[in-house]
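The lines below spell out each chain.
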Amino acid sequence: MLKEYIHRLWKSALVFLAMLLAGSVHFAGGRAFSAEARPIIILEDIEARFHPSMLLSFWSIIEMMSLQKLVTTNSGDLLSALPLEALRRLQRERYDTRSFKVSSGALPREDLRRIAFHVRLNRPMTLFARCWLLVEGETETWILSQAAALLGMSLPCAGIRPVEFAQCGLAPLIRFARQLGIGFFVVTDGDEAGKKYAATVRGMVGSQQAGEHLCVLPEVDIEHYLYAHGYAQVMRRCAGSAGQMALPGGKKTQAAEAIIKAAIRKKTKPGLALSIIEEMQRRGTQGVPTVLAAMFEKLRLRYVDK
């Protein structure tokens, strides 16, 4: 009962605040406005004094006002309530600040729908990133975040955000990132699907620039790459008895395949990734495979030491 009363009190306070704003606009300077005039209201960092739920309640009231609205914010919650075409991303350059937006007609309607769900609603904080690390799934997100940390590179602090692209599609995310001036780097598997993703990147940035935006793992997926580069024993341990049985006889690739499948069945892919991360932490910098270390060095030079 008390909680409901407080919520109603907050709503009343927000309505009163909105009325004050409307009144101040209407009576400012005692001017007479044309019926077609649309005054501009400027709100700077309005999330600073609001709980997220109160912020959205306040915004729902402001949104109904027939005004032009100019809002600066660092709130992902507020961004999720705004249409993509209303967003302007500000990026500080050496001597000035640039503004980016999604140009009208730049993206197909289906791409905009996917991005609105995948990014604006579910990952709004990625819109503040300097670079998207586009990966296929959850395993890559866990492994790459830990590998970067071991190399002394905090991805959040560097403005680099892992974004899974499988559900949304790679090309729409790259197009959207380019429209908003967000850098991107794609990590793909070495299987047939990964080669198609790599071809998509090369087709969008050109073969000469592909090295600045693309890393193709030299194995069919990240589990096989880690198995071949120092983490076979971890996977055998996760596979249990099935992993031990796969050791004697048979081809090396077949044994690796059997061990990896058994480990995933027993631990699930994210669970296996966490087991590998524990071992990676124990080994420290030396536990980061060379391809991943080279990739993060490239990202460091471009986005951190710039």
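This text goes with the structure placed above it.
Below, the structure is looked at part by part. (Residues numbered from 1 in each chain as written. Predicted model: local features only at pLDDT ≥ 70, side-chain atom pairs only at ≥ 80, totals over all residues. Heavy atoms only, no water.)

### Overview of the overall build of the protein chain
Working step 1: Looking only at helices and strands, the protein chain features 13 helices and eight strands.
Working step 2: Across the 306 residues in the protein chain, those meeting the buried criterion constitute 43%.
Working step 3: For the protein chain, contacts bridging at least 24 residues in sequence account for 75% of all contacts bridging at least 6. (Helix = DSSP H or I, 4+ residues; strand = E, 2+ residues; numbered from the N terminus. Buried < 20%, exposed > 50% of the residue type's maximum accessible area, 1.4 Å probe, protein only. Contact = heavy atoms within 4.5 Å.)

### Examining the pairing of strand 5 (residues 131-135)
Working step 1: A large share of strand 5 lies buried, amounting to five of its five residues.
Working step 2: Judged from the five bridges that link them, strand 5 and strand 6 (residues 160-164) form a sheet pairing that is parallel. By the bridge assignment, L134 is partnered in strand 6 with V163.
Working step 3: Bridging between strand 5 and strand 7 (residues 183-188) involves four bridges; their strand directions are parallel. When the bridges of strand 7 are listed, C131 appears paired with G183. (Pairing = 2+ DSSP bridges.)

### Looking at the packing of aromatic side chains
Working step 1: Evaluation of the coordinates by the stated rule reveals three aromatic pairs.
Working step 2: Summarising the aromatic geometry, the rings of F165 and Y197 are spaced 4.8 Å apart at their centres and angled 80° between planes, so their arrangement reads as edge-to-face. Of this pair, F165 sits in the loop between strand 6 and helix 7 (170-179) while Y197 is found in helix 8 (residues 192-205), placing the two residues 32 residues apart along the sequence.
Working step 3: Owing to a relative accessible area of 25%, Y197 belongs among the partly exposed residues under this scheme.
Working step 4: A cation sits over an aromatic face here: R283 above Y231, 4.3 Å from the ring centre. (Phe/Tyr/Trp six-rings, centres within 6.5 Å; stacked < 30°, edge-to-face > 60°. Lys NZ or Arg CZ within 6 Å of the ring centre and 35° of its normal.)

### Notes on the sheet that holds strand 7
Working step 1: Spatially, four strands are ordered 6-5-7-8 in an open sheet, and the strand pairing comes out parallel. Unpaired on one side and paired on the other, strand 6 and strand 8 (214-216) mark the two borders of the sheet. Sheet twist, expressed as the average angle between the axes of neighbouring strands with direction ignored, equals 20°.
Working step 2: Looking at chain direction, strand 7 and strand 8 are connected through three bridges and run parallel. Residue pairing for strand 8: V186 is matched across the bridge by L214.
Working step 3: Each of strand 5, strand 6 and strand 7 is contacted by helix 7, which is oriented at about 175° to strand 5, the strand it contacts most. (Axes fitted to C-alpha atoms, helices over the stretch in contact; angles between N-to-C directions.)

### Some points on the layout of surface pockets
Working step 1: Computed from the structure, the largest pocket encloses a volume of approximately 1,600 Å³.
Working step 2: What lines the largest pocket is a set of 48 residues, and nearest its centre among them are R88, R89, L90, Q91 and R98.
Working step 3: Elements represented by at least two residues in the lining of the largest pocket include exactly helix 2 (52-64), strand 2 (68-72), helix 3 (76-79), strand 3 (89-92), strand 4 (97-100), helix 7, strand 7 and helix 13 (290-304).
Working step 4: Within the lining of the largest pocket, the residues separate by chemical class into 22 nonpolar, 10 polar and 16 charged. (1 Å grid on protein atoms, 1.4 Å probe; cavity = no way out; pocket = protein on both sides within 12 Å on 5 of 7 lines; lining within 4 Å. Points joined across faces, edges and corners; volume = space filled by probe spheres on them. Nonpolar A, V, L, I, M, F, W, Y, C, P; charged D, E, K, R; others polar.)

### Examining the packing of helix 5 (residues 138-150) against helix 13
Working step 1: One way to put it is that helix 5 packs onto helix 13 with a least axis distance of 10 Å and a crossing angle of 70°. When the interaxial angle is binned, helix 5 and helix 13 end up roughly perpendicular. Between helix 5 and helix 13 lies a crossing of right-handed hand. Contact residues: I143, L144, A147 and A148 in helix 5; L292, M295 and F296 in helix 13. (Parallel < 35°, antiparallel > 145°, perpendicular 65-115°, else oblique. Left-handed = near helix turned anticlockwise from the far one by under 90°.)

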